[in-house]
Amino acid sequence: IQYGHRDSALRGRLFAIGTKVKIAGEKYMRSATLQGMPSDLRSPLVGAFSHDIDCENSEIRLVCSLAAQLGLEPLVPTLFVYRDQRNYWLDKICSLHNVAKNQAK
């Protein structure tokens, strides 16, 4: 499977590349892949053959997990605070920069 970015800056989440399908009422076209499938359909259709994890804030959670496993929590205390109080910090970012929450993420 090949992956690519949605935005031209080549940043952020990677998405599976496949045939594009337009779903009424959705902003983006979806790829005809498991990743592009609506989440409410994934589990009933392929649940016995796959495990679907939707992890909000995954990069921060991964870094915190690795730091904890390696005993390096003192090196990244701010990441633990952000992880544990994410909504508070997103609200501050929205307020400070006058942006919507999905832009602050």
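These remarks concern the structure in this document.

### A short note on the side chain of Arg 86
Okay, step 1: Residue placement: Arg 86 occurs in helix α4 (residues 86–97).
Okay, step 2: When residues no more than four places from it in sequence are discounted, the contact partners of Arg 86 are Glu 56, Asn 57 and Lys 105.

### Let's talk about a nonpolar patch on the surface
Okay, step 1: A cluster of nonpolar side chains, namely Leu 66, Leu 70, Leu 72 and Leu 75, defines an oily patch on the protein surface of about 420 Å² accessible area.
Okay, step 2: By secondary structure assignment, the location of Leu 66 is in helix α2 (residues 58–70).

### Brief notes about the packing of aromatic side chains
Okay, step 1: Going through the model one piece at a time under the given rule, you end up with one aromatic pair.
Okay, step 2: Aromatic side chains Tyr 88 and Trp 89 sit 5.0 Å apart centroid to centroid with 80 degrees between the ring planes, which places their arrangement in the edge-to-face category.
Okay, step 3: Judged by its relative accessible area of 44%, Tyr 88 is partly exposed.

### Concerning the pattern of salt bridges
Okay, step 1: Under the defined criterion, the tally for this structure stands at three salt bridges.
Okay, step 2: Glu 26 serves as the salt-bridge partner of Arg 30, at 2.8 Å between the closest nitrogen and oxygen.
Okay, step 3: Lys 101 serves as the salt-bridge partner of Asp 91, at 3.8 Å between the closest nitrogen and oxygen. Taken together, the residues span a long stretch of sequence, with Asp 91 in helix α4 and Lys 101 in helix α5 (residues 101–104) at a distance of ten residues.
Okay, step 4: The class of Asp 91 is partly exposed, set by a relative accessible area of 45%.
Okay, step 5: Residue class for Lys 101 comes out partly exposed when judged on its relative accessible area of 33%.

Analysis parameters
Residues numbered from 1 in each chain as written. Predicted model: local features only at pLDDT ≥ 70, side-chain atom pairs only at ≥ 80, totals over all residues. Heavy atoms only, no water. Helix = DSSP H or I, 4+ residues; strand = E, 2+ residues; numbered from the N terminus. Contact = heavy atoms within 4.5 Å. Patch = residues over 30% accessible without salt bridge, like charges linked within 9 Å, V, L, I, M, F, W, Y side chains within 5 Å. Areas by Shrake-Rupley, 256 points an atom, 1.4 Å probe, with all protein chains shown as cover. Salt bridge = Lys/Arg side-chain N within 4 Å of Asp/Glu carboxyl O. Phe/Tyr/Trp six-rings, centres within 6.5 Å; stacked < 30°, edge-to-face > 60°. Buried < 20%, exposed > 50% of the residue type's maximum accessible area, 1.4 Å probe, protein only.

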